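# A closer look at the structure
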There are 2 protein chains.
Amino acid sequence: MDEPFDVFGVDCPSRVILQRIGDRWSMFVIAALSTRPMRFTQLKNRIGGITPKVLTETLRALQADGLVARRAFAEMPPRVEYRLTPLGLSLLEPINAIRAWAEANVPQVLEARARADA
Amino acid sequence: MDEPFDVFGVDCPSRVILQRIGDRWSMFVIAALSTRPMRFTQLKNRIGGITPKVLTETLRALQADGLVARRAFAEMPPRVEYRLTPLGLSLLEPINAIRAWAEANVPQVLEARARADA
DNA sequence: CAGTATCCTGTGAGATACTG
DNA sequence: CAGTATCTCACAGGATACTG
């Protein structure tokens, strides 16, 4: 049996999370849903530049991972709400750790990057 | 002036970090260097499956961001050592937060994913 | 040893248009 | 409103071979 969380395993489950939060749009969706549920078009408007196709794909992936819940109301016109699950909410903590690091250190990264360009 | 760390800004600097730690190989390199400096070939061997081209690219990116330092010795045969900078070392903390979350919650994610497949 | 140099491919993602 | 359906493309990443 494998070490359950060997960082050097390509199939290490923690990479699942890293890839998810590293991808182009997931973080925007999670951030948008962090305070309240939102509807499809609300998300689309809030997250400037995302296309409906990509938003759908992102939401599907987050649902598949149990981070976001979808709730459809049988109304006319249709209404669908997305919200973070408890699991999704719990992910906000490590995300905030990254955020805190970024706030403290990104200036240095940008400096280093500028120096590297020169 | 923009909010310095508006998660909804496409150019939000914290995305820099998320993309970096979310990419295919950076985390392996950082993990490999977390305890001690390593040479190119040591890294290549430790991180199974990475090609020299990609390892070079990854190291370059990490150097450009000031997370990894490269030190070449004028010897024959050539010797080069890579190590985490203090900045790179400090990144281990938020990374461990993610890791801790993953250890606690990835099983649920995998369950959700399995349920989604069915 | 520590990389370069080429070539190649899959797929994440965008543009655009359409529908129950 | 809440998505689908196509089409297209760039580019991250891989395979393989070579070099100062």
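What you see is a predicted model; the values in this text were computed from it and never measured.

Parameters and conventions
Residues numbered from 1 in each chain as written. Chains lettered and ligands numbered in written order. Predicted model: local features only at pLDDT ≥ 70, side-chain atom pairs only at ≥ 80, totals over all residues. Heavy atoms only, no water. Helix = DSSP H or I, 4+ residues; strand = E, 2+ residues; numbered from the N terminus. Rg over C-alpha atoms; globule rule 2.2 N^0.38 Å. Buried < 20%, exposed > 50% of the residue type's maximum accessible area, 1.4 Å probe, protein only. Contact = heavy atoms within 4.5 Å. Areas by Shrake-Rupley, 256 points an atom, 1.4 Å probe, with all protein chains shown as cover. Near = heavy atom within 4 Å. Polar contact = N/O pair within 3.5 Å; in protein donor to acceptor, adjacent residues only side chain to side chain. Axes fitted to C-alpha atoms, helices over the stretch in contact; angles between N-to-C directions. Parallel < 35°, antiparallel > 145°, perpendicular 65-115°, else oblique. Nonpolar A, V, L, I, M, F, W, Y, C, P; charged D, E, K, R; others polar. Least-squares fit on C-alpha atoms with pLDDT ≥ 70 in both.

Below, the discussion takes up the overall build of chain A. Scanning chain A from terminus to terminus reveals six helices and three strands. Reading chain A from its N end, one meets helices and strands in the order α-α-β-α-α-β-β-α-α. Taking 118 residues into account, the globule formula puts the C-alpha radius of gyration at 13 Å, and chain A, at 17 Å, lies well above it. A principal-axis box enclosing the C-alpha atoms of chain A has dimensions of 55 × 45 × 25 Å. In chain A, which comprises 118 residues, the share counted as buried stands at 44%. Long-range pairs, those at least 24 residues apart, make up 41% of the contacts in chain A with a sequence separation of at least 6. For chain A, the accessible area works out to roughly 6,400 Å², and carbon and sulfur atoms hold 53% of it.

Negative phi characterises most residues that are not glycine, and trans characterises most peptide bonds. Of note, the bond from Met76(A) into Pro77(A) is cis; its omega dihedral lies within 30 degrees of zero at 0°. Topologically, Pro77(A) is positioned in the loop between β2 (68-73) and β3 (79-84).

The subject of this paragraph is the protein's contact with DNA strand D. Within the structure, DNA strand D sits among 18 residues, and Arg60(A), Arg70(A), Tyr82(A), Trp25(B) and Lys53(B) are positioned closest to it. Backbone atoms, meaning sugar and phosphate, make up 62% of the atoms of DNA strand D lying within 4 Å of the protein. Here a phosphate oxygen of DNA strand D and a backbone polar atom of Val80(A) are 3.1 Å apart. Every element with two or more residues in the surface near DNA strand D is listed here: α3 (40-46), α4 (52-64) and β3 of chain A together with α4 (52-64) of chain B. At four residues, α4(A) tops the list of elements feeding residues into the surface near DNA strand D.

Let us now look at the packing of helix α6 (residues 92-117) of chain A against helix α1 (residues 13-22) of chain B. At a minimum axis distance of 8 Å, the contact between α6(A) and α1(B) shows a crossing angle of 90°. Taken together, the axes of α6(A) and α1(B) lie roughly perpendicular to each other. Between α6(A) and α1(B), the contacting residues are Ile98(A), Trp101(A), Ala102(A), Val106(A), Val109(A) and Arg113(A) on the first element and Pro13(B), Ser14(B), Val16(B), Ile17(B), Leu18(B), Arg20(B) and Ile21(B) on the second. Here the residues of the contact of α6(A) with α1(B) sort into ten nonpolar, one polar and two charged.

Taken as rigid bodies, chain B and chain A are interconverted by a rotation of 180° and an axial shift of 0.0 Å, the fit giving an RMSD of 0.1 Å. Accordingly, the operation relating the two chain copies is best matched by a two-fold axis. Looking at the rotation axis and the C-alpha trace of chain B, the residue lying nearest is Gly22(B), at 2.0 Å. When the interface residues of chain B are mapped onto chain A, 98% of them again lie at the interface, so the same face is used by both copies.

Read these as geometric descriptors, not functional statements.
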